[in-house]
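One-letter residues, chain by chain:
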There are 2 protein chains.
Amino acid sequence: MEIDVNKPILDRNERLAAENRALFDEHGVFVLDLMASPGAGKTSTILATIAALRDRYRIAVIEGDIASKVDAEKVKEHGIPAVQINTGGACHLESDMISRAIDALDLSDLDLIIVENVGNLVCPTEFYLGENAKVMILSVPEGHDKPYKYPNIFQIAEAVILNKVDTMPVFDFDEEEFRSVVRSLNPKAPVFPMAATKGEGVDAWAEWLAARIDAMKANLAARQ
Amino acid sequence: MEIDVNKPILDRNERLAAENRALFDEHGVFVLDLMASPGAGKTSTILATIAALRDRYRIAVIEGDIASKVDAEKVKEHGIPAVQINTGGACHLESDMISRAIDALDLSDLDLIIVENVGNLVCPTEFYLGENAKVMILSVPEGHDKPYKYPNIFQIAEAVILNKVDTMPVFDFDEEEFRSVVRSLNPKAPVFPMAATKGEGVDAWAEWLAARIDAMKANLAARQ
């Protein structure tokens, strides 16, 4: 006899994710789940996004890592509320971790929460946290062949940020092939080339995100 | 009541890993489990290692990926036997996958099997496959702060390859800090700076690996 041990874990996760979602809706908070490999530039992208949007939205960050709190500290230096989750050994965030993290935030004072998931192209794809959108970052040094090897994350992401494009001359990265494979896996997802630490290409991404936030707010207002 | 669902899975994995290990010993085959993030340069490091050691050892490669067989094809182009494992969704290799892969290899004709684990800094650390050594690669673009965030893999690795060192001028990578944190986590592990695609720094790493292979062979001979 085989028992699918993953099923009850996922069921519980979905139930808590729905509770998170209801809470976010109640306060009109848009939640972004940002996924990428270790070192692809999640924190840099978050800092660049904060710089682009902090005048329009009240932002907080939830940082997920196996260990350490270096990322939350970087965000706090910019005067943005940040909560660090340490997963111990787990390779992804789950909804109960998000539930506990939002206890430390004042949702009525926020428009946008950016969740930095654990650096991993596999595990985070399977867990709904109650977010409005999952977005992924691939960085140029990782190589243009990654969509072949990790198709799920490219399929589940609503947008793909291609980071560290300033290093393209150094690496043998075929942007055309990359875009073509991403398109075949996920025809609707826009690809945003970016160099987050230099602020390059941030505007197009920030406008896409702003449009999503405004649409959610309009949607919630229409429901009332 | 809580059931630790991971325990029976790990127990079964350990049992099959021991069977793999017995088979490798019987044939005098050294097995290296190579772990790294997606795009850190596992396949390039394998190709560079093959180039350095193919005159001294008979080598085969087991490639682990979520999907695709691009890596095994790259290795086969160099006339080296390669088996591709596709894990479906799993973020790491397990011993039963290795058992099936070695069915496709002639162990009596091999000295070294290099296993390329799934690109991930978390999951592969927990699974013993029957290997002689786990080694990890960190690439410079991932950043020098990674040992803080993923301490387990740095602790379990017997050697750390620092790849893409030719791109250090492009990235804000503090090699001294990196080495100091690695040393505090794992005082015995040597760090090998390398630019695998350029062949830089490969010799020191290859000599370390050769010494390990020779020691295993001497050890096995002494047992008979």
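Scroll up for the structure.
Here is what the cut-offs are and how they apply
- Residues numbered from 1 in each chain as written.
- Chains lettered and ligands numbered in written order.
- Predicted model: local features only at pLDDT ≥ 70, side-chain atom pairs only at ≥ 80, totals over all residues.
- Heavy atoms only, no water.
- Disulfide = S-S within 2.5 Å.
- Helix = DSSP H or I, 4+ residues; strand = E, 2+ residues; numbered from the N terminus.
- Phe/Tyr/Trp six-rings, centres within 6.5 Å; stacked < 30°, edge-to-face > 60°.
- Buried < 20%, exposed > 50% of the residue type's maximum accessible area, 1.4 Å probe, protein only.
- Contact = heavy atoms within 4.5 Å.
- Least-squares fit on C-alpha atoms with pLDDT ≥ 70 in both.
- Pairing = 2+ DSSP bridges.
- Axes fitted to C-alpha atoms, helices over the stretch in contact; angles between N-to-C directions.

Draft legend 1. Spatial organisation of the state of the cysteines. Residue and element names in this part refer to chain A. One pass over the full model with this rule turns up 2 disulfides over all chains. Bridging Cys91 to Cys123, the disulfide has an S-S length of 2.3 Å. Residues Cys91 and Cys123 share a disulfide whose torsion about the S-S bond is about -100 degrees; that sign makes it left-handed. With a gap of 32 residues between them, Cys91 in the loop between strand S3 (82-86) and helix H4 (95-103) and Cys123 in the loop between strand S4 (112-116) and strand S5 (133-139) connect regions that are remote in the sequence.

Draft legend 2. The packing of aromatic side chains, seen in detail. What the rule picks out here adds up to 11 aromatic pairs over all chains. Taken together, a centroid distance of 6.0 Å and an interplanar angle of 75 degrees make the contact between B:Phe154 and B:Phe178 edge-to-face. On the criterion of sequence distance, the pair formed by B:Phe154 in helix H6 (residues 151-156) and B:Phe178 in helix H7 (residues 175-185) is long-range, its members being 24 residues apart. Relative accessible area serves as the criterion here: at 0%, B:Phe154 is assigned to the buried category. An aromatic cluster of three or more residues is present, and its members are A:Phe154, A:Phe173 and A:Phe178.

Draft legend 3. Representation of the environment of B:Asp65 within the structure. Within the secondary structure, B:Asp65 is located in strand S2 (residues 59-65). Here B:Asp65 falls in the buried class, since its relative accessible area comes to 2%. When the C-alpha positions of B:Asp65 and B:Gly119 are compared, they lie 7.4 Å apart, and in sequence the two are 54 residues distant. Once you skip the residues sitting within four places of it in the chain, B:Asp65 turns out to touch A:Lys149, A:Tyr150, B:Asp71, B:Gln84, B:Ile85, B:Asn86, B:Thr87 and B:Val118.

Draft legend 4. Highlighting the relation of the copies chain A and chain B. Once turned by 180 degrees and shifted 0.0 Å along the axis, chain A lies on chain B with an RMSD of 0.0 Å. The transformation relating the two chain copies, once decomposed into turn and shift, fits a two-fold axis.

Draft legend 5. The sheet that holds S3(A), seen in detail. All names here are of chain A. The 7 strands are arranged S3-S2-S4-S1-S5-S6-S7 in an open sheet whose pairing can be described as parallel. Edge strands, defined here as strands with exactly one partner in the open sheet, are S3 and strand S7 (191-193). Across the sheet, the axes of successive neighbouring strands diverge by a mean angle of 20 degrees, strand direction being ignored. Helix H2 (residues 42-53) contacts strand S1 (30-36), strand S2 (59-65), S4, S5 and strand S6 (159-163) of the sheet and is inclined by roughly 180 degrees relative to S2. Running at roughly 155 degrees to S7, helix H7 (residues 175-185) makes contact with S5, S6 and S7 of the sheet.

Draft legend 6. Structural view of unusual backbone geometry. Positive phi values are uncommon outside glycine, yet A:Ser68 reaches one of about 80 degrees. Locating A:Ser68 in the fold gives a position in the loop between S2 and helix H3 (70-76). A positive phi angle is found at B:Lys164, which is not glycine, with a value near 65 degrees. If you trace the backbone, B:Lys164 turns up in the loop between strand S6 (159-163) and H7. A relative accessible area of 11% means that B:Lys164 is categorised as buried.

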